[in-house]
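# Observations on the model geometry
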Amino acid sequence: MTSPASERVDLTALIKAYDVRGLVPSELNPSVARAIGAAFADVVVLPEATSTDRPRVVIANDMRPSGPELVAAFADGLAARGVDVLRIGLASTDGLYFASGSLGIPGAMFTASHNPAQYNGIKLCRAGARPVGQDSGLTTVRELAGDYLAGSVPEVDAAQRGSVEDGDLLAEYASFLRSLVDLSGIRPLKVVVDAGNGMGGFTAPAVLGAGAGLPELPLDIVPLYFELDGTFPNHEANPLEPENLRDLQAAVVEHDADLGLAFDGDADRCFVIDEHGDPVSPSAITALVGLREVERERAAGRTPTVIHNLITSQVVPDLLTAAGATTVRTRVGHSFIKAEMAQNDAVFGGEHSAHYYFRDFFFADTGMLAAMHVLAALGGQPHPLSALSEQFQPYSASGEINSRVTDVAAARARVVEAYVTQQGAGPVQVDELDGLTVSHWDGHPQWWFNLRASNTEPLLRLNVEAADEDIMEKVRDDVLALVRQDGEG
């Protein structure tokens, strides 16, 4: 029996468009986790059960201290609704996706990714690692969990209650990734890996080393912050912020390494540093890995499709289209990318945020598999990474610039007036797939920008790309001046 909506506990601050994310224990605690587990069972797990066997869910957690207690409560909520639970303990998010995909059952990953230590969260998926987002069940899960918190979780009879068992799939995960990219024949490479005290310190030894009992690879791994510590004592596990890459950049130069790899807290994203200590843009990695997957698809006689979001560099559709692929441009956000991946049977997808998606990996994102492709590409030819990646970074990009504004609509309107209504920069192409994208790429000089509002804060996010640095800086500064006209920033 659910509660009236007026009595429902409001979980909108915790359960967002793509996942669950909040402060522990004020927003996310065992009572809330148990209610979400029960709601997940009722909204996703039980309706999709197709056999007479009791439905089952796999759960994992990252290294955050709050994880085990939250997992236990979530598992109890599932069991109370008659669902069996397999807990695999510590795992990266892509390790949980592997478990869901290989076992063919829904999953829940307890992680707050790159967020600070006081946060935790849950990434939910259907069987086969298919995403659960606001348009695919998460809104209903939020409402039902709020009802359960306002009242109580209904429980099945004791005889029908689900069981909870523990397992370990790390070796199977490592073997599966090794089966997708063969690194055994590459030239020897020295690789610095910065795990940021996150789950990369758990998965890298298993996949890239012999930690899971697999044969040694021609890789000399220099570990940086492999100790699992959810308080992140060295730096935040968010490689998107330049300051969090500095230790890795210094270590690559110090050790005369061929490259560096940085993983975020739950190791589903991977950033790459070249031998000079310079970052290789995620768009360049998208193009590099995309070309490898396109070549493989074409060799198999298939017409490849690659997904990229709308703030990925223009080099991605340029190179992949020239290589014979169909490219599909989508909104920012993993649930949108995953939906387009499945709908288009795409072989690969990439985002500016260093999420990389593979059809061979259940259409899900995996930083480790992307890293393996980079290692294979680099180790399969004699040139350094800086030379290899140069062809994938021909344009100048601003990166994402956030502006805090009091009136988002008014700031956006000023940009529309200047660039679209008055055409102050000449004829442009405009679309509103995700925010405002204004493109002058078919004219001269070549540039485009995207201006998107944050879903949760009074922020406007600007991305600019141009054929050269001077044009990029001019467009960037002109748009920022309009956005921040009222002294905001």
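Residues numbered from 1 in each chain as written. Predicted model: local features only at pLDDT ≥ 70, side-chain atom pairs only at ≥ 80, totals over all residues. Heavy atoms only, no water.

### Here's the deal with the overall build of the protein chain
As a reminder, the rule being used: Strands here are runs of E lasting at least two residues and helices are runs of H or I lasting at least four, both read from the DSSP assignment and numbered beginning at the N terminus. Computation of the radius of gyration draws on C-alpha atoms alone. For the globule rule, the value is 2.2 Å times the number of residues to the power 0.38. Partly exposed residues are those whose accessible area sits between 20% and 50% of the maximum for their type, while under 20% is buried and over 50% is exposed, using a 1.4 Å probe and protein chains only. By definition in these notes, contact holds between two residues if any of their heavy atoms fall within 4.5 Å. For accessible areas, the Shrake-Rupley method is used with a probe of radius 1.4 Å. Any residue's cover is judged against the shown protein chains and nothing else. This count recognises Lys and Arg as positive and Asp and Glu as negative, with His and chain-terminal groups excluded. Think of each charge as sitting on NZ of Lys, CZ of Arg, CG of Asp or CD of Glu.
Within the protein chain, the regular secondary structure consists of 14 helices and 23 strands. For 489 residues, the compact-globule formula gives about 23 Å, and the C-alpha radius of gyration of the protein chain, at 23 Å, lands near that figure. Projected onto its principal axes, the C-alpha coordinates of the protein chain cover approximately 70 × 55 × 50 Å. Considering the protein chain as a whole, with its 489 residues, one finds that 56% of them fall into the buried category. For the protein chain, restricting intrachain contacts to residue pairs at least 6 apart in sequence, the fraction spanning at least 24 positions comes to 70%. Total accessible area computed for the protein chain in this model is approximately 19,100 Å², and 49% of it derives from carbon and sulfur atoms. Between the centroid of the 35 positive side chains of the protein chain and the centroid of its 67 negative side chains there is a distance of 4 Å.

### A short note on the pattern of salt bridges
Let me state the cut-off plainly: The salt bridge definition used is simple: a Lys or Arg side-chain nitrogen within 4 Å of an Asp or Glu carboxyl oxygen.
The full count for this structure, using the stated rule, is 28 salt bridges. Among the salt bridges present, the one from Glu-293 reaches Arg-296, with a minimum N-O distance of 2.9 Å. Linking Glu-293 with Arg-296, this pair stays in helix 8 (residues 282-299), spanning three residues, or about one helical turn. Accessibility expressed as a relative area gives 3% for Glu-293, which makes it buried.

### Re empty space enclosed by the protein
What counts here: For cavity detection a 1 Å grid was placed over the protein atoms alone, and a set of points counts as a cavity when a 1.4 Å probe fits there but cannot get out; an open set counts as a pocket when protein lies on both sides within 12 Å along at least five of seven lines, with lining residues being those that have an atom within 4 Å of a point. Grid points are joined across faces, edges and corners, and a volume is the space filled by probe spheres set on the points. Three categories are distinguished: nonpolar for Ala, Val, Leu, Ile, Met, Phe, Trp, Tyr, Cys and Pro, charged for Asp, Glu, Lys and Arg, and polar for the others, with Gly belonging to the last.
Within the structure shown, the criterion is met by two cavities of 30 Å³ or more. Considering only enclosed or pocket space, the largest cavity measures out at about 90 Å³ in volume. Taken together, Ile-88, Leu-90, Ala-91, Ser-92, Gly-95, Asp-168, Leu-169, Leu-170, Tyr-173, Phe-202 and Thr-203 make up the full set of residues lining the largest cavity. Listing elements by their share of the lining of the largest cavity, those giving two or more residues are strand 3 (84-90), helix 5 (170-180) and helix 6 (200-207). Residue classes in the lining of the largest cavity are distributed as seven nonpolar, three polar and one charged. In this structure, the second largest cavity spans a volume of roughly 40 Å³. Along the walls of the second largest cavity sit Tyr-18, Tyr-97, Lys-123, Leu-124, Pro-131, Val-132, His-334 and Lys-338, which together make up its complete lining. At the level of secondary structure, the elements contributing two or more residues to the lining of the second largest cavity comprise strand 5 (119-126) and helix 10 (334-344). Its residues assigned to classes, the lining of the second largest cavity shows five nonpolar, one polar and two charged.

### Section: the nonpolar core
Condition: Working definition of a nonpolar core: buried Ala, Val, Leu, Ile, Met, Phe, Trp, Tyr and Cys residues. They are joined through side-chain atoms within 4.5 Å.
The biggest cluster of nonpolar side chains holds 87 residues, and the ones touching the most others in it are Leu-183, Leu-208, Leu-219, Leu-259, Leu-261, Phe-361 and Met-368. Ranked by the residues each element gives to this core, the list is headed by helix 11 (residues 367-379), at ten residues. The contacts of Leu-183, once residues within four sequence positions are left out, are Leu-208, Leu-217, Pro-218, Leu-219, Met-372, Leu-375 and Ala-376. In this structure, Ala-38, Val-45, Val-71 and Tyr-148 belong to the second largest nonpolar core, which totals 38 residues.

### Observations concerning the layout of surface pockets
Taken as a whole, the second largest pocket encloses approximately 340 Å³ of empty space. Lining the second largest pocket are 19 residues, and of these Pro-131, Ser-136, Ser-335, Lys-338 and Ala-339 sit closest to its centre. Elements with a minimum of two residues in the lining of the second largest pocket: strand 6 (130-131) and helix 10. Among the elements that make up the lining of the second largest pocket, the one with the highest residue count is helix 10 (five residues).

### Considerations on the sheet that holds strand 14 (residues 326-330)
The following threshold applies: Strands were regarded as paired on the criterion that DSSP finds at least two bridges between them.
The sheet built from five strands is open, its strands ordered 14-13-15-16-17 with mixed pairing. Sheet topology places strand 14 and strand 17 (364-365) at the edges, where each strand pairs with a single neighbour. Sheet analysis places strand 13 (residues 305-309) next to strand 14, joined by five bridges and oriented parallel. From the neighbouring strand, Asn-309 faces strand 14, where its bridge partner is Thr-330.

### Quick notes on the sheet that holds strand 9 (residues 219-224)
Heads up, the condition is: To obtain each axis, a line is fitted to C-alpha atoms, and for helices this fit is confined to the stretch in contact; angles are then taken between N-to-C directions over 0 to 180 degrees.
Spatially, five strands are ordered 9-8-10-11-12 in an open sheet, and the strand pairing comes out mixed. The open sheet is flanked by strand 9 and strand 12 (279-280), the only strands paired with a single partner. Against the sheet, helix 7 (residues 246-254) makes contact with strand 8 (189-194), strand 9, strand 10 (259-263), strand 11 (270-273) and strand 12, and its axis sits at roughly 155° relative to strand 10, the strand it touches most.

### Thoughts on the environment of Thr-330
Inspection of the secondary structure assignment puts Thr-330 in strand 14. What makes Thr-330 buried here is its relative accessible area of 4%. In the structure, Thr-330 is positioned 185 residues away from Ala-145 in sequence and 31 Å away in space, judged by C-alpha atoms. Apart from residues lying up to four places away in sequence, Thr-330 is in contact with Ile-307, His-308, Asn-309, Leu-310, Phe-336, Ile-337, Glu-340 and Leu-433.

### Points about unusual backbone geometry
Peptide bonds are mostly trans, and most non-glycine residues show a negative phi. Between Val-24 and the following residue, Pro-25, the backbone shows a cis peptide bond with an omega angle of 5°. For Pro-25, the location among the structural elements is in the loop between strand 1 (20-23) and helix 1 (30-48). Of the consecutive residues His-444 and Pro-445, the connecting peptide bond is found in the cis state with omega at 0°. In this structure, Pro-445 sits in the loop between strand 21 (436-439) and strand 22 (447-453). Residues other than glycine seldom take positive phi values, yet Ala-129 does so here, at roughly 65°. Position of Ala-129 among the secondary structure elements: in the loop between strand 5 and strand 6. The class of Ala-129 is buried, set by a relative accessible area of 2%.

### Topic: the side chain of Thr-111
One can find Thr-111 in the loop between strand 4 (107-110) and strand 5. Apart from residues no more than four positions distant in its own chain, Thr-111 is found in contact with Arg-21, Asp-62, Arg-64, Thr-93, Asn-120, Gly-121, Ile-122, Lys-123 and Asp-266.

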